[in-house]
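Each chain, written out:
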Amino acid sequence: MKIPLGKKNLEINLTISLTPNLKKLEKELKDFFDNNLINGYYKIKEFEIKNDFSYKIIPKSPRLEECLTGGDYEEKIKTIGEKYGIEHLGFPYWCYGK
């Protein structure tokens, strides 16, 4: 909406969007990682969630810098993400793959 103010216009833009509740998502993922091994071997103790065009789980401890072979955890993490409106929640390409 533009409102003329003499030699200038006041422009008002309103953006409404839904974003996931990251605190609740992090808590649910922490519970998931506490009770499940990734790739049958890795126990994720610390992680962060980054939003670089899509939400990705970045493991901090232990650091995973290898391709994972996949497993049932992929579908479980995806399901958790969908509860929060995130379509493709998962690990980034450098620690994820089949």
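That block above? That's the structure.
Basis of the calculations
- Once a new chain begins, its residue numbering starts again from 1 and follows that chain's sequence as written.
- A pLDDT threshold of at least 70 governs which residues receive local features in this predicted model, and a stricter bar of 80 or more applies before side-chain atom pairs are shown or counted, although totals over entire chains, interfaces and linings include all residues.
- Excluding hydrogens and water, the side-chain figures rest on all heavy atoms present in the structure.
- Helical segments are the DSSP runs of H or I of at least four residues, strand segments are the runs of E of at least two, and each set is numbered from the N terminus.
- Buried residues are those whose accessible area, probed at 1.4 Å on protein chains only, stays under 20% of the maximum for their type, while exposed residues exceed 50% and partly exposed ones sit between those limits.
- Contacts: residue pairs with any heavy atoms within 4.5 Å of one another.
- The protein chains shown are the only cover counted for residues, whose accessible areas, like all others here, come from Shrake-Rupley with a 1.4 Å probe.
- Here, nonpolar core means buried Ala, Val, Leu, Ile, Met, Phe, Trp, Tyr and Cys residues that are tied together by side-chain atoms lying within 4.5 Å of each other.
- Should a side-chain nitrogen of Lys or Arg be within 4 Å of a carboxyl oxygen of Asp or Glu, the pair is scored as a salt bridge.
- Any two rings among Phe, Tyr and Trp, with Trp reduced to its six-membered ring, count as a pair given centres within 6.5 Å; such a pair is stacked if its planes are under 30 degrees apart, edge-to-face if over 60, and tilted if neither.
- For two strands to be treated as a pair, DSSP must find at least two bridges joining them.

Asks: Before we go on, may I ask you to explain the overall build of the protein in this structure?
Replies: What the protein contains, in helices and strands, is two helices and four strands. Each helix and strand of the protein, ordered N terminal to C terminal, gives the series β-β-α-β-β-α. Within the protein, the proportion of its 98 residues that are buried is 31%. Residue pairs in contact within the protein that sit at least 24 positions apart in sequence constitute 53% of those at least 6 positions apart. Summing over all exposed atoms, the protein offers an accessible surface of approximately 7400 Å²; the carbon and sulfur share of this is 53%.

Asks: When you look at the nonpolar core in this model, what are you seeing that I'm missing?
Replies: Across soluble globular proteins, you tend to see nonpolar side chains buried next to one another. Leu25, Leu29, Phe33, Ile38, Ile57, Ile77 and Leu89 are the most contacted members of the largest nonpolar core, which has 19 residues in total. For this core, the elements supplying multiple residues, two or more each, are α1 (22-35), β3 (46-51), β4 (55-61) and α2 (72-83). Take this core: its biggest share by element is four residues, from α1. Excluding residues that lie within four positions of it along the chain, Ile77 makes contacts with Phe32, Phe33, Ile57, Leu89, Gly90 and Phe91.

Asks: What should I look at first to understand the pattern of salt bridges in this one?
Replies: Where charged atoms of side chains with opposite charge meet at close range, the side chains can pair. What the rule picks out here adds up to five salt bridges. Lys83 is paired through a salt bridge with Glu28; the nearest N and O atoms lie 2.6 Å apart. Of the two residues, Lys83 sits in helix α2 while Glu28 sits in helix α1, which places them 55 residues apart along the sequence. Judged by relative accessible area, which is 55%, Lys83 ranks as exposed. A salt bridge links Lys76 to Asp72, with the shortest nitrogen-to-oxygen separation between them at 3.5 Å. Here Lys76 pairs with Asp72, and both are found in helix α2, just four residues apart, close to one helical turn.

Asks: So what exactly am I meant to see when it comes to the packing of aromatic side chains here?
Replies: For the structure on display, the rule yields five aromatic pairs. With 6.3 Å between their ring centres and 65 degrees between their planes, Tyr73 and Phe91 make a pair best called edge-to-face. Taken as a pair, Tyr73 in helix α2 and Phe91 in the segment after α2 lie far apart in primary sequence, 18 residues in all. A residue is classified by how much of its surface remains accessible, and Tyr73, at 2% relative accessible area, is buried. A residue is classified by how much of its surface remains accessible, and Phe91, at 2% relative accessible area, is buried.

Asks: What should I look at first to understand the pairing of β3 in this one?
Replies: Each regular strand shows side chains that alternate between the opposite faces of the sheet. As defined by bridge partners, β3 adjoins β4 across six bridges and the pair is classed as antiparallel. Across the sheet, residue Ile49 finds its bridge partner in β4, namely Ile57. In this antiparallel pair of consecutive strands, β3 and β4, the connection spans three residues, and Phe53 shows a positive phi of 75 degrees.

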